[in-house]
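# A look at the structure
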Amino acid sequence: MKTCYVIGLAGGTAGGKSAFCEQLAEFLGKQGLKVIDIHMDDYFKPETERPVSKSPVSGKEYIDDNHPDTMDLKSVYSDLLIHMDSGGYDVILIEGLLTLWEKNIFDMLDLKLYVDCPADERIIRRLRRNMSWGKSFEEIAEVYLELVRYRHNEYVEPTKWKADFIINGMAATEKAVIGIGHIVRGELAGGEQIDSNCHL
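Residues numbered from 1 in each chain as written. Predicted model: local features only at pLDDT ≥ 70, side-chain atom pairs only at ≥ 80, totals over all residues. Heavy atoms only, no water.

## Looking at the packing of aromatic side chains
Where we set the bar: The pairing test for Phe, Tyr and Trp rings, Trp by its six-membered ring, is centres within 6.5 Å, and the orientation test on the planes gives stacked under 30 degrees, edge-to-face over 60, and tilted for anything in between. Counting from the N terminus, the helices are DSSP H or I runs at least four residues long and the strands are E runs at least two residues long. Working rule: Lys NZ or Arg CZ, within 6 Å of ring centre, within 35 degrees of ring normal, means a charge sits over the ring.
Applying the stated criterion across every chain, the model contains one aromatic pair. The interplanar angle of 90 degrees and the centroid separation of 5.4 Å between the aromatic rings of tryptophan 101 and tyrosine 155 together place this pair among those described as edge-to-face. With tryptophan 101 in the loop between β5 (91–95) and α3 (103–106) and tyrosine 155 in helix α5 (residues 137–156), this pair connects stretches of sequence that are 54 residues apart. A cation over a ring is seen here: lysine 112 above phenylalanine 106, with NZ or CZ 5.1 Å from the ring centre. Seen from the ring of phenylalanine 106, lysine 162 lies directly overhead, with NZ or CZ sitting 4.3 Å from the centre.

Printed below as a string of structure tokens:
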């Protein structure tokens, strides 16, 4: 019987990772489990320390927010270990672009999920989100077409095949949340059944 269960969620930018993570955390919490979530976006290095990369298209240089060196992955791993050793949580959720790419983190995962969503859906979501932050359409579209999509193909998309389950990021259903919940409770409690009537 496990005392702490670690779930990793990866997927492309604006693909639904955070939304599914929140739904799963809420559901497991309603089942009486103590849950904490770790978001890799909270570990971006200061902008002055992030790598600058040339676009494969134009050669123009951009601050590369989708490269592994742009995040403090050592601190992500360190905090994961601290939460695991604390004994205060039943489930740890860790989500981000590189959750299934970074080997030290990957090796700590009990369950690996990839939230999949088509590129056209993701770019529309990214545009809406980033424009709500005050960025222009042209700025967002340019960096996506010039660099982001190449980083996705290099570091994110290949990790899909390392996942135990691929989640539909277009419309993650309550059934998907309940299904993952069954797995978690089964491994934590030696086969104890989860209450599938507990709705989000």
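## Overview of the side chain of asparagine 66
For the record, the criterion: A contact between two residues is defined here by any heavy atoms of the two lying within 4.5 Å.
Topologically, asparagine 66 is positioned in the loop between β4 (61–63) and α2 (73–86). Excluding residues within four positions of it along the chain, asparagine 66 makes contact with Leu97, Arg126, Val148, Arg151 and Tyr155.

## Digging into the packing of helix α4 (residues 119–132) against α5
Rule in force here: Axis lines are fitted through C-alpha atoms, for helices just across the contact stretch, and the angle between N-to-C directions can take any value from 0 to 180 degrees. Here the word oblique covers every angle except those under 35 degrees (roughly parallel), over 145 (roughly antiparallel) and from 65 to 115 (roughly perpendicular). Handedness of a crossing follows from how the near helix is turned relative to the far one, being left-handed for an anticlockwise turn of less than a right angle and right-handed for a clockwise one. Here the term charged refers only to Asp, Glu, Lys and Arg, the term nonpolar to Ala, Val, Leu, Ile, Met, Phe, Trp, Tyr, Cys and Pro, and the term polar to all other amino acids, Gly among them.
At a minimum axis distance of 11 Å, the contact between α4 and α5 shows a crossing angle of 135 degrees. Between α4 and α5, the interaxial angle falls into the category oblique. Read as a crossing pair, α4 and α5 show a hand that is right-handed. On α5, the residues that touch Ala119, Arg122, Ile123, Arg126, Leu127, Asn130 and Met131 of α4 are Phe137, Ile140, Ala141, Val143, Tyr144, Val148 and His152. Along the lines of polarity and charge, the residues of the contact of α4 with α5 split into ten nonpolar, two polar and two charged.

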